[in-house]
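Each chain is listed here by its residues.
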Amino acid sequence: MTLTIAGALLDGERVGVRCAEGRIEAIGPEVEAQPGDEKLEAAGALLVPPLLNGHTHAAMTLFRGSGGDLPLMPWLQERIWPVEAKLEAEDVYWGARLACAEMIRSGTTRFWDMYWQPEQTARAVADAGLRATIGAPLIDVNGDEVGMREAALASLEQLGSLGPSIGAALAPHAIYTVSEDSLRWIAALAAEREVPIHIHLSETSQEVQDCVAAHGERPAAYLDRLGVITGRTLLAHGVWLDPAELDLLADRGATVVTNPAANMKLAVGAVFPYPAAREAGVAVGLGTDGAGSNDSLDLLADLKLFALAQKHAAADPTAIAAEDAWAVATGARAPLLGASPRPLSPGADADFLLLRAAAPELAIGELASDLVYAASGAVVDTTVVAGRVLMRGGEVPELEEIVARARERARRLGL
Ligand SMILES: [Zn+2]
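Residues numbered from 1 in each chain as written. Predicted model: local features only at pLDDT ≥ 70, side-chain atom pairs only at ≥ 80, totals over all residues. Heavy atoms only, no water.

Of all five residues that make up strand β8 (residues 131–135), five are buried, and the element is covered over most of its length. Residues R131, T133 and G135 line one face of β8 and the alternating positions A132 and I134 line the opposite face, and both faces are buried. Both strand β7 (residues 108–114) and β8 contribute to a ladder of five bridges, which runs parallel. The partner of R110 across the bridge, within β8, is R131. (Buried < 20%, exposed > 50% of the residue type's maximum accessible area, 1.4 Å probe, protein only. Helix = DSSP H or I, 4+ residues; strand = E, 2+ residues; numbered from the N terminus. Pairing = 2+ DSSP bridges.)

This is the structure:
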């Protein structure tokens, strides 16, 4: 199928975009639809690369608005874990479908997910038309190392066979829920299979203190000693990383995904040290974390929080520039995350957004500044992935049914 977008605005110039076989074939003022193309008139809408959500637990949309003002441990122990013990396949599927619909609506086309029954998330991603790298959470704190390893292998095999839009990752939950032995085993498996590792790291100061007490070293150094930190490692949070850890991560080529909204909501007490990470040369992406602790999946809204938190923490309005923040949110500062290295150019994935040029948030001022400080997901008019139009005019097809089914599943779980 060939799709041609006409009359989109790119850097102030009207352009056409022709997409074939999932890639951009041609882009420029001279590009026009050919006979037989599906044609979409952009009418001056702004053409931009899509957003990339580097850390999610997609199906946790079902937990939205439940226990949102509790401290972390009571929230997990009273609201999350007892319900997760009852999850059925259809719960995960419809929760993830709702997450996908929200991401399409707010301009995210690729995400990195860690959640139970990952094959259901993969099914939702495929049905929605998005892209994702998915891993089953690996936890052996209850002593079940054998079960965890079997599950890790099975889920790698299964997720690795689902085609180009789904990637498989190993997802050890955190250093405090996975044993040293299992972390070594995961590092070896990741190296052997050449798959990424997605893990939470340095979210709270307690985690750092406990790690130093137990192992005599800080979390990044500990993981590095076990072989977990490589160029294929994604570390979610990194709030409490110190300068030596940032140098280590830069040296290994690892990626940190910062989740400012979830960090603020769970009140972790600090802000990811982005200026120091950038200075050290660490690859950085942006994430929402799960809807249970955010509670939104609107990455454009979190982009503002990211930039403001950095400025506020540094007591310096120049700590991050809008262009820099936008690059982080589109995955341009973290090649591991999988965004096209040269988006909106021939040969790149045909993944892009058309934004409402007449939206009040975008109509006046510099685009990057408007996107970061004024816009929300509501400015997205059209979302295209692999040359397929997933949303047009701000309307996600089937949204009503998806919301109804997800609501049904949440009720079933007593949420
Ligand atoms: Zn998380």
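Protein-derived ligands of the zinc ion are H55 (NE2), H57 (NE2), H200 (NE2) and D289 (OD), with the metal-ligand distances lying across 2.1 to 2.4 Å. Given four donor atoms and angles of 83 to 174° at the metal, the environment of the zinc ion is assigned as irregular. (Donors = N, O, S within 2.8 Å, 3.2 Å for Na, K, Ca; no water. Tetrahedral: all angles 85-135°; square planar, octahedral: opposite > 155°, others 65-115°.)

Taken together, four strands build an open sheet; the order of strands is β6-β7-β8-β10 and the sheet is parallel. A single partner strand is all that each edge strand has here, and the edge strands are β6 (51–56) and β10 (166–168). Pairwise comparison of adjacent strand axes, ignoring direction, gives a mean angle of 15° for this sheet. Bridge analysis of β8 against β10 gives three bridges, and the strand direction is parallel. Across the sheet, the residue bridging to A132 is I166, located in β10. (Axes fitted to C-alpha atoms, helices over the stretch in contact; angles between N-to-C directions.)

A few words now on the environment of P118. Among the structural elements, P118 can be located in helix α3 (residues 118–128). Take P118: its relative accessible area is 6%, and that puts it in the buried class. In sequence terms P118 and A168 are 50 residues apart; their C-alpha atoms lie 9.6 Å from each other. In this structure, P118 is in contact with I134, G135, A136, S155 and L159, ignoring residues within four places of it in sequence. (Contact = heavy atoms within 4.5 Å.)

As a further point, take the sheet that holds strand β14 (residues 255–258). Read across the open sheet, the four strands follow the order β12-β13-β14-β15; overall the sheet is parallel. Two strands lie at the open edges of the sheet, namely β12 (197–201) and β15 (283–286), each paired on one side alone. When strand polarity is set aside, the average angle formed by the axes of neighbouring strands in this sheet is 25°. As defined by bridge partners, strand β13 (residues 233–237) adjoins β14 across three bridges and the pair is classed as parallel. Across the sheet, the residue bridging to L234 is T255, located in β14.

A few words now on the packing of aromatic side chains. Per the counting criterion, the structure on display carries two aromatic pairs. Ring centres 5.4 Å apart and planes at 75° place the aromatic pair Y274 and F306 in the edge-to-face group. Pair noted here: Y274 is in helix α10 (residues 274–280) and F306 is in helix α11 (residues 299–314), with a separation of 32 residues, a long-range link. Exposure remark for Y274: the relative accessible area of 2% places this residue in the buried category. Here F306 falls in the buried class, since its relative accessible area comes to 0%. The ring of Y93 has R123 lying over it, and the distance from NZ or CZ to the ring centre is 3.8 Å. (Phe/Tyr/Trp six-rings, centres within 6.5 Å; stacked < 30°, edge-to-face > 60°. Lys NZ or Arg CZ within 6 Å of the ring centre and 35° of its normal.)

Residues A283 and G285 point to one face of β15 and V284 and L286 to the other, with burial holding for every one of them. One ladder, built from four bridges, connects β14 with β15; its direction is parallel. The residue bridging T258 from the neighbouring strand is L286, located in β15.

Approximately 790 Å³ is the volume attributed to the largest pocket. Take the lining of the largest pocket: its biggest share by element is seven residues, from helix α1 (residues 72–84). Tallied by class, the residues present in the lining of the largest pocket amount to 15 nonpolar, ten polar and five charged. Its boundaries defined by the atoms lining it, the second largest pocket holds a volume of some 300 Å³. (1 Å grid on protein atoms, 1.4 Å probe; cavity = no way out; pocket = protein on both sides within 12 Å on 5 of 7 lines; lining within 4 Å. Points joined across faces, edges and corners; volume = space filled by probe spheres on them. Nonpolar A, V, L, I, M, F, W, Y, C, P; charged D, E, K, R; others polar.)

Working definition: two side chains of opposite charge can pair if their charged atoms are close together. Inspection of every chain in the model, using the stated rule, returns 29 salt bridges. Residue E192 is joined to R193 by a salt bridge in which the shortest nitrogen-to-oxygen separation is 3.4 Å. When its relative accessible area of 59% is taken as the criterion, E192 is described as exposed. Salt bridges linked by common partners bring E88, D91, R409 and R412 together as one network. (Salt bridge = Lys/Arg side-chain N within 4 Å of Asp/Glu carboxyl O.)

Of all the eight residues making up helix α12 (residues 322–329), seven are buried; the element is thus mostly covered by neighbouring parts of the structure. Every buried residue of α12 is listed here: A322, D324, A325, W326, A327, V328 and A329.

Remark: α3 packs on helix α4 (residues 145–159), axes separated minimally by 10 Å, with the N-to-C direction vectors making an angle of 15°. When the interaxial angle is binned, α3 and α4 end up roughly parallel. The way α3 lies across α4 gives a crossing that is right-handed. Two secondary-structure elements touch here, α3 through P118, E119 and A122 and α4 through S155, Q158 and L159. Counted by class, the contact of α3 with α4 contains three nonpolar, two polar and one charged residues. (Parallel < 35°, antiparallel > 145°, perpendicular 65-115°, else oblique. Left-handed = near helix turned anticlockwise from the far one by under 90°.)

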